[in-house]
Amino acid sequence: DSSALVLYLDRIGYRAETFAVGFEDWPGSEHRYAELVAEQFGLEHRSRVLGPESLALAHRLAWTYDEPLGDISTVPTFAVSHLASRRVKAVLSGEGADEIFCGYTWQRDLMAARAAGDPAADDLVSFYAGSMAMGSFDRPRLAGLLHPDLHSHLPDDPWWFYRSLVRPELPPLQRMQWLDIRAFMGEQVLTKVDRASMANSLEVRVPFLDPELVELLFGFDPEVYFRPGQQKALLRANLAGRLPEAILQRTKQGFVGPDSYYQNIAWYRGLLGDSRLVRDGVLHGPAVTALLAAADHWRLWKVAVLELWYREWLT
């Protein structure tokens, strides 16, 4: 998506500076692909490569985000915002393209399940909740994690927010796209980008979320822009032959680090071994101990974010 923006800027004769962050010893690192595009268009480019020490930024982000935001790309988003802010005051970013052009795997998974007659596809909320979760906390898991004194506050339906956003009058694919826009993008992605950038005095503009473009795409029958097995078919067709093949053929990857970055159990133990959430009767100690023993890193990440937020704001 960012590569497309570089191409469109080049078409109108604007020579942009480009910025990216990556991760040590990871073939899928974002910065390698960004450098390819910058080289093709002869642009000035800057990258920053992160190592395990960058997890320390999670402590600062508890203040920056002002709420326990469990997105796993908060650290690289803050890092690239800081990198760019040292050179410019405003940047363009590719948020929104996956939502409107169908770039997410779960969008294609839903349509594949419907085509195969899978009954699971009929329950959009459960399907969506399962797609969103990297280590979900359904009601039984929430009950296990929270201190027993708090169980009376648990909602009967942990997916109530998704359910409140469903628009049954839309075609199935657009129902999921609407959930992506209102839930995933609106409550998570844009929140993450806005606060990380503003903390670095940087303005982020998102051309793919231009209202005219969003309304145009949503005015089409989904068959116009959706192709089974191909992400962002219309956008790819527009970029064909204009970007490096390594970019065009690259499979979908979020703006994240390698799994090993989030599997740093020593970091989780150091943070949660003396948990204030446990000390203050918010979380159930044996449940946190069990997550550490199982090295359940995706759920540990969420607990760690909550722990850091709690220490910053409530103790």
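All values reported here derive from a predicted model rather than from experimental measurement.

Undergrad: Just to check I follow, could you spell out a nonpolar patch on the surface for this structure?
TA: Taken together, Leu 216, Phe 220, Val 224 and Leu 234 make up a surface patch of nonpolar side chains, about 290 Å² in accessible area. Considering the arrangement of structural elements, one finds Leu 234 in helix H12 (residues 233-239). A relative accessible area of 31% means that Leu 234 is categorised as partly exposed.

Undergrad: Quick question: what am I supposed to make of the environment of Ser 29 here?
TA: Positionally, Ser 29 belongs in the loop between strand S1 (18-23) and helix H2 (30-41). Considered as a pair, Ser 29 and Val 49 are 20 residues apart in the sequence and their alpha carbons are 8.8 Å apart. Excluding residues within four positions of it along the chain, Ser 29 makes contact with Gly 22 and Phe 23. There is a polar contact of 2.9 Å between the side chain of Ser 29 and the backbone nitrogen of Phe 23.

Undergrad: Would you mind showing me how to read the packing of aromatic side chains here?
TA: The geometry of an aromatic ring pair comes down to the distance between the two centres and the angle between the two planes. Counting across every chain of the model gives 14 aromatic pairs. Ring plane angle 85° and centroid distance 5.1 Å describe the contact between Tyr 128 and Tyr 162, whose orientation is recorded as edge-to-face. Of this pair, Tyr 128 sits in helix H7 (residues 124-132) while Tyr 162 is found in helix H9 (residues 160-165), placing the two residues 34 residues apart along the sequence. Each member of the pair, Tyr 128 together with Tyr 162, is buried. Site record: aromatic cluster; members linked through ring pairs are Phe 23, Trp 26, Tyr 261, Tyr 262, Trp 267, Tyr 268, Trp 298 and Trp 301. Here Arg 167 stacks its cationic end above the ring of Trp 178, 4.7 Å away from the centre of that ring.

Undergrad: I'm lost on the pattern of salt bridges in this one. Help?
TA: If the charged atoms of two oppositely charged side chains come close together, the side chains can form a pair. Counted under the stated rule, the structure contains 14 salt bridges. Ionic pairing is found between Glu 67 and Arg 195, a salt bridge with its closest N-O pair at 2.8 Å. Taken together, the positions of Glu 67 in the loop between helix H3 (57-65) and helix H4 (74-85) and Arg 195 in helix H10 (residues 172-198) put the pair 128 residues apart, joining distant regions of the chain. Owing to a relative accessible area of 34%, Glu 67 belongs among the partly exposed residues under this scheme. Here Arg 195 falls in the partly exposed class, since its relative accessible area comes to 31%. The salt bridge involving Asp 296 is made with Arg 299; its shortest N-O contact spans 3.0 Å. You'll find Asp 296 and Arg 299 in the same group, each marked buried.

Here is what the cut-offs are and how they apply
Residues numbered from 1 in each chain as written. Predicted model: local features only at pLDDT ≥ 70, side-chain atom pairs only at ≥ 80, totals over all residues. Heavy atoms only, no water. Patch = residues over 30% accessible without salt bridge, like charges linked within 9 Å, V, L, I, M, F, W, Y side chains within 5 Å. Areas by Shrake-Rupley, 256 points an atom, 1.4 Å probe, with all protein chains shown as cover. Salt bridge = Lys/Arg side-chain N within 4 Å of Asp/Glu carboxyl O. Helix = DSSP H or I, 4+ residues; strand = E, 2+ residues; numbered from the N terminus. Buried < 20%, exposed > 50% of the residue type's maximum accessible area, 1.4 Å probe, protein only. Contact = heavy atoms within 4.5 Å. Polar contact = N/O pair within 3.5 Å; in protein donor to acceptor, adjacent residues only side chain to side chain. Phe/Tyr/Trp six-rings, centres within 6.5 Å; stacked < 30°, edge-to-face > 60°. Lys NZ or Arg CZ within 6 Å of the ring centre and 35° of its normal.

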